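# Examination of the molecular architecture
So you can see what is in the structure, the chains are spelled out below.
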Amino acid sequence: MGIHQKIIGLFLLTSTLVYSQEKPCYFQPSLLRASATIAPTRFYTQQTTVALINGFVEYVLENRISVRGEGNIMAPNGKLLYTNSPEKFPRNFTSIYAGFGYHLGKRNWKLDLHAEPGIAISEMAQQPFLIVPVAYQWSISPSYMLKGGTSFYFSKYCHFFAEINYSNGWIRKTPLTSVSIAQYGISAGLGFHVLTKKN
């Protein structure tokens, strides 16, 4: 056997050994993960798209079960998007959710499903049809969020994630009977995690 064949054989053997060694499983009970990102969101009843600042914290209880809390706040200057119909769209909007997650998949690549009840905090115009300065009023409404996505844990402290969500609720304190805040959005980015307990 020539030197070239020996080198190729050694390279193939080394490659096989390297790729046959599985990475450690970073997703496991006691994992605490968090992230913050910009989430483009569509209020489809009002046909308006805004940028929400989304952040979440999640704790893995079991191999498939987690608890999660997250919040959304309308990015600054979001009010410029709805000046034509202030009676239908909030001047300021924040939502807070907490619920459970269910995770499918093996080892470090997961499919994530979440169901989270919560509240929506909105500031709505009360007399938008008058020429005088418009009065605004804050209101708190029940809401809920359904979310699905995927996560890839590529290192001991970092992971990538991509998610799509749907949420809904009704604002009651408005000049109209009520205003729907049904919306769907996407979020993706780099997340961070740490194991809070050692095996």
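Quick look at the structure, then. (Residues numbered from 1 in each chain as written. Predicted model: local features only at pLDDT ≥ 70, side-chain atom pairs only at ≥ 80, totals over all residues. Heavy atoms only, no water.)

The subject of this paragraph is the overall build of the protein. Of the regular secondary structure elements, the protein holds one helix and nine strands. Counting from the amino terminus, helix and strand elements in the protein follow one another as α-β-β-β-β-β-β-β-β-β. Looking at the protein as a whole, 38% of its 199 residues are labelled buried. Sequence separation of 24 or more characterises 60% of the internal contacts of the protein that already satisfy a separation of 6 or more. Accessible surface, the protein as shown: approximately 11,600 Å² in total, 67% of it carbon and sulfur. (Helix = DSSP H or I, 4+ residues; strand = E, 2+ residues; numbered from the N terminus. Buried < 20%, exposed > 50% of the residue type's maximum accessible area, 1.4 Å probe, protein only. Contact = heavy atoms within 4.5 Å. Areas by Shrake-Rupley, 256 points an atom, 1.4 Å probe, with all protein chains shown as cover.)

The next point concerns the pairing of strand β1 (residues 31-43). Side chains L31, R33, S35, T37, A39, T41 and F43 of β1 all project onto a buried face; the interleaved residues L32, A34, A36, I38, P40 and R42 project onto a face where none is buried. For β1 and strand β9 (residues 183-195), the ladder comprises seven bridges, and the chain directions are antiparallel. Residue pairing in the sheet places T41 in a bridge with G185 of β9. Relative to strand β2 (residues 48-60), β1 runs antiparallel, the two sharing 12 bridges. Bridge assignment links S35 to a residue of β2, and that residue is F56. Here β1 folds back onto β2 in antiparallel fashion, the turn holding four residues, of which Q47 has a positive phi close to 55 degrees. (Pairing = 2+ DSSP bridges.)

Attention now moves to the nonpolar core. For soluble globular proteins, the rule of thumb is that nonpolar side chains tend to be buried together. In terms of nonpolar packing, the biggest core is built from 11 residues, these being F43, V50, L52, M74, F89, F93, A120, M124, I171, V179 and I181. For this core, the secondary structure elements donating two or more residues are β2 and β5 (109-125). Counting residues in each nonpolar core, the second largest holds five residues, with Y26, F27, L31 and Y153 among its members. (Core = buried A, V, L, I, M, F, W, Y, C linked by side-chain atoms within 4.5 Å.)

This paragraph deals with the side chain of S95. Relative to the elements of secondary structure, S95 occurs in strand β4 (residues 92-104). Those residues in contact with S95, other than ones at most four positions away along the chain, are E70, G71, N72, I119 and A120.

Here we come to the pairing of β9. On any regular strand, side chains alternate: one points to one face of the sheet, the next to the other face. Bridging between strand β7 (residues 158-171) and β9 involves 10 bridges; their strand directions are antiparallel. Following the sheet pairing, Y166 is matched in β9 by Y184.

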